[in-house]
Amino acid sequence: MNDRFRVYPVNISYEPDDTDVPYLVTIPLFDGVTQGVSVADSMRMARDYIELVSCDWDPDDLPAGSTDLPVPLHPGDLVVLVDVDLNRYRQGIEVL
């Protein structure tokens, strides 16, 4: 894997009906979904999701990083870039 550090776009939706974890995070390049209790927590959860899921992929099959922001899934959604360390869990070392 040449690029240890990559950036991926994620979509964060606020869903007030779910009071415990009101933020839904969609990670389009990984077909993934996670949740958070705040915007900052949602970004951390997206980062953690990508880093963990990437361990199950062949490094050559991982999506290339992207700084292209997709159109928000719903009006009012926040689309942000999340930086990830793709070797964080591969090496068996978790750095918080």
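Residues numbered from 1 in each chain as written. Predicted model: local features only at pLDDT ≥ 70, side-chain atom pairs only at ≥ 80, totals over all residues. Heavy atoms only, no water.

Asks: Quick one: what's the story with the nonpolar core, residue by residue and with numbers?
Replies: V10, I27, F30 and I50 are the most contacted members of the largest nonpolar core, which totals 15 residues. Put simply, the parts of the chain that give this core at least two residues each are β1 (5-14), β2 (23-27), α1 (39-54) and β4 (78-85). Excluding its chain neighbours within four sequence positions, the residues that come into contact with V10 are V25, T26, I27, P28, A46, L78, V79, V80 and V82. (Core = buried A, V, L, I, M, F, W, Y, C linked by side-chain atoms within 4.5 Å. Buried < 20%, exposed > 50% of the residue type's maximum accessible area, 1.4 Å probe, protein only. Helix = DSSP H or I, 4+ residues; strand = E, 2+ residues; numbered from the N terminus. Contact = heavy atoms within 4.5 Å.)

Asks: Could you give me a rundown of the pattern of salt bridges, with the residues and numbers involved?
Replies: Applying the stated criterion across every chain yields a total of three salt bridges. Across the salt bridge formed by D85 and R4, the nearest N and O atoms sit 2.8 Å from each other. Separated by 81 residues along the polypeptide, D85 in strand β4 and R4 in the segment before β1 bring together distant segments of the chain. You can call R4 partly exposed: its relative accessible area is 32%. (Salt bridge = Lys/Arg side-chain N within 4 Å of Asp/Glu carboxyl O.)

Asks: Break down the sheet that holds strand β3 (residues 32-36) for me, with residues and values.
Replies: Sheet architecture is open: four strands sit in the order β3-β2-β1-β4, paired in antiparallel fashion. Both outer strands of the open sheet, β3 and β4, are each paired with one neighbouring strand and no more. Along the sheet, successive strands turn relative to each other by an average axial angle of 35 degrees, direction set aside. For β1 and β4, the ladder comprises eight bridges, and the chain directions are antiparallel. Looking across to β4, one finds that Y8 is bridged to V82. Helix-sheet contacts for α1 involve β1, β2, β3 and β4, and the interaxial angle to β4 is about 45 degrees. (Pairing = 2+ DSSP bridges. Axes fitted to C-alpha atoms, helices over the stretch in contact; angles between N-to-C directions.)

Asks: Run through the pairing of β2, naming residues and quoting values.
Replies: Counting buried positions along β2 yields four of five residues, so the element is predominantly enclosed. Relative to β2, β1 runs antiparallel, the two sharing four bridges. Each residue of the ladder has a partner; that of N11, found in β2, is T26. With five bridges connecting them, β2 and β3 associate as antiparallel partners. Counted as the bridge partner of L24 is Q35 from β3. What sits between β2 and β3 in their antiparallel hairpin is a turn of four residues, with D31 showing a positive phi close to 50 degrees.

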